[in-house]
Amino acid sequence: MSPKRDLRTRNFPTAEEDLRRPPPPLGVVDQAPSYRLAFADDDFLVREELRPVRMQLELLKPELLQQEAGIESTLVIFGSARIPDPSKAQAELSAAAASGDAAREQRARTQLAMSAYYEEARRLAEIVTRETQRCGSPIYVVTGGGPGIMEAGNRGAFEAQGKSIGLNIVLPHEQHPNPYITPDLCFRFHYFAMRKFHFLMRSVALACFPGGFGTLDELFESLTLIQTGKCRRRPILMFGREFWTRLIDFDYLIETGMISPGDEQLFRFVETAEEAWEILDHEYDLKTAAQCAV
């Protein structure tokens, strides 16, 4: 008597099965690029005409992996890659002072002052990770995956024994992932647009620290989407009032009619991790939620 058939048996082999299946010895034919499976042909996938497909893949791969990891809510921490760990900044100042190079010493003093933001980013990530993971509904820190403020964010989550995400980007001078990112949540992008989309998809808040062109790009992209109603409003916390108000004259934008009165309320200036946490708690009642596992 023949064995019973399983109703759930696949009708077709999987793509992986076909990929692993050894090809018949066809000689010259099986060496030709045209004979390769399209989805396993790197030369084909990087063709100019395949850009729409590559963009879909960059959207889909991180999306699926984050869904499988149960990630629903994130805190985006972004800022300069050039802001160092305070201990490294202090060591550089000591070396600069010993060198007798006045210009180097002045740069080192500036870097040491800016390194306070590294510490605030690290502590904010630690607080948010520690306090929200108690209920089994954590807010995961997501950064651009590199050094500086990005490293501080991933480091704070790591020190709170939580997972965090790094969205790295391929650059001419290669950006290496910092060592504090959860390995299974360390992604690499070719397209800036897809990377920025993933920054915002799950974010419940954004913490913006001092930075340069890249930081400004991410900040104004977020403000524009919220201002125009393309995405829901959420807290945008800008660390360092003095830095931001010297850099951008928001009052002048209102005065000249470039933004509307009230648009300046799309963001909040904060100075410390604790102040940022209080705002997040006010918005989402996080302290009450965090008590459920205490």
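Residues numbered from 1 in each chain as written. Predicted model: local features only at pLDDT ≥ 70, side-chain atom pairs only at ≥ 80, totals over all residues. Heavy atoms only, no water.

This part takes up empty space enclosed by the protein. All chains considered together, the criterion is met by one cavity of 30 Å³ or more. Space inside the largest cavity adds up to approximately 70 Å³. Every residue lining the largest cavity is listed: Val76, Phe78, Lys196, Phe199, Leu200, Leu206, Glu218, Glu221 and Ser222. Elements represented by at least two residues in the lining of the largest cavity include exactly strand 1 (73-78), helix 7 (192-201) and helix 8 (213-227). Of the residues contributing to the lining of the largest cavity, the split by class is five nonpolar, one polar and three charged. (1 Å grid on protein atoms, 1.4 Å probe; cavity = no way out; pocket = protein on both sides within 12 Å on 5 of 7 lines; lining within 4 Å. Points joined across faces, edges and corners; volume = space filled by probe spheres on them. Helix = DSSP H or I, 4+ residues; strand = E, 2+ residues; numbered from the N terminus. Nonpolar A, V, L, I, M, F, W, Y, C, P; charged D, E, K, R; others polar.)

So, about helix 8. Between its terminal C-alpha atoms helix 8 stretches 20 Å, which fits the 21 Å expected from 15 residues at 1.5 Å a residue. Of the positions making up helix 8, those classed as buried are Thr215, Glu218, Leu219, Ser222, Leu223 and Ile226. Viewed end-on, helix 8 has its buried residues packed into an arc of 125°, placing them on one side of the element. Of the residues trailing helix 8, Gly229 is marked for its positive phi of about 75°. (Expected span 1.5 Å × (residues − 1). Buried < 20%, exposed > 50% of the residue type's maximum accessible area, 1.4 Å probe, protein only. Arc of directions from axis to C-beta.)

Below, the discussion takes up the sheet that holds strand 3 (residues 164-169). Strands sit in the order 4-3-2-1-5-6-7 across an open sheet of seven strands; the sheet is parallel. Looking at which strands have only one partner, the edges of the open sheet turn out to be strand 4 (186-189) and strand 7 (268-270). Neighbour-to-neighbour, the strand axes of the sheet open up by a mean angle of 25°, direction not taken into account. Bridge count between strand 1 and strand 2 (residues 139-143): four bridges; the pairing is parallel. Across the sheet, the residue bridging to Thr74 is Tyr140, located in strand 2. The sheet strands contacting helix 6 (residues 149-159) are strand 1, strand 2 and strand 3, and the helix crosses strand 2 at an angle near 155°. (Pairing = 2+ DSSP bridges. Axes fitted to C-alpha atoms, helices over the stretch in contact; angles between N-to-C directions. Contact = heavy atoms within 4.5 Å.)

A few words now on the environment of Phe192. With respect to the helices and strands, the residue Phe192 is situated in helix 7. Counting along the chain gives 24 residues from Phe192 to Asn168, while the straight-line C-alpha distance between them is 9.7 Å. Setting aside residues up to four positions removed in sequence, Phe192 forms contacts with Ile169 and Leu171.

Before going further, it helps to examine the pattern of salt bridges. The final tally for this structure, using the stated rule, is 20 salt bridges. A single salt-bridge network, built from bridges that share partners, covers Asp85, Glu119, Arg122, Glu126, Arg155 and Glu159. (Salt bridge = Lys/Arg side-chain N within 4 Å of Asp/Glu carboxyl O.)

In this section: the packing of helix 7 against helix 8. Running from N to C, helix 7 and helix 8 cross one another at 60°; their axes reach a closest spacing of 11 Å. When the axis of helix 7 is compared with that of helix 8, the two are oblique. The hand of the helix 7/helix 8 crossing is right-handed. Contacts from Arg195, Lys196, Phe199 and Leu200 in helix 7 reach Asp217, Glu218, Glu221, Ser222 and Leu225 in helix 8. Residue classes in the contact of helix 7 with helix 8 are distributed as three nonpolar, one polar and five charged. (Parallel < 35°, antiparallel > 145°, perpendicular 65-115°, else oblique. Left-handed = near helix turned anticlockwise from the far one by under 90°.)

Bringing the packing of helix 3 (residues 51-68) against helix 7 into the picture now. At a closest axis distance of 10 Å, the pairing of helix 3 and helix 7 adopts a crossing angle of 30°. What the angle tells us is that helix 3 and helix 7 run roughly parallel. You can see that helix 3 and helix 7 cross each other, and the crossing is right-handed. Here Met55, Glu58, Leu59, Pro62, Glu63 and Gln66 of helix 3 come into contact with helix 7, specifically with Met194, Phe197, His198 and Met201. Each residue belonging to the contact of helix 3 with helix 7 can be placed in one class, and the counts come to six nonpolar, two polar and two charged.

Attention now moves to the nonpolar core. Ranked by internal contacts, the top residues of the largest apolar core, which has 29 residues, are Leu75, Ile77, Leu124, Phe209 and Phe239. Listing elements by their share of this core, those giving two or more residues are strand 1, helix 5 (102-132), strand 2, helix 6, strand 5 (203-208), strand 6 (236-239) and helix 11 (273-284). Here Phe209 is in contact with Ile77, Phe78, Gly79, Tyr117, Glu120, Ala121, Ile149, Thr215, Phe239 and Trp244, once residues within four sequence places are set aside. One finds Cys208, Met238, Phe250 and Leu266 within the second-largest nonpolar core, a separate group that totals 28 residues. (Core = buried A, V, L, I, M, F, W, Y, C linked by side-chain atoms within 4.5 Å.)

Computed from the structure, the largest pocket encloses a volume of approximately 660 Å³. Of all elements in the fold, only helix 5, helix 7 and helix 8 reach the threshold of two or more residues within the lining of the largest pocket. The element best represented in the lining of the largest pocket is helix 8, accounting for five residues. Split by residue class, the lining of the largest pocket holds 13 nonpolar, nine polar and five charged. Of the pockets and cavities examined, the second largest pocket occupies roughly 390 Å³. At the level of secondary structure, the elements contributing two or more residues to the lining of the second largest pocket comprise helix 2 (42-45), helix 3 and strand 4. In terms of residue count, the dominant contributor to the lining of the second largest pocket is helix 3 (six residues). Tallied by class, the residues present in the lining of the second largest pocket amount to nine nonpolar, one polar and six charged.

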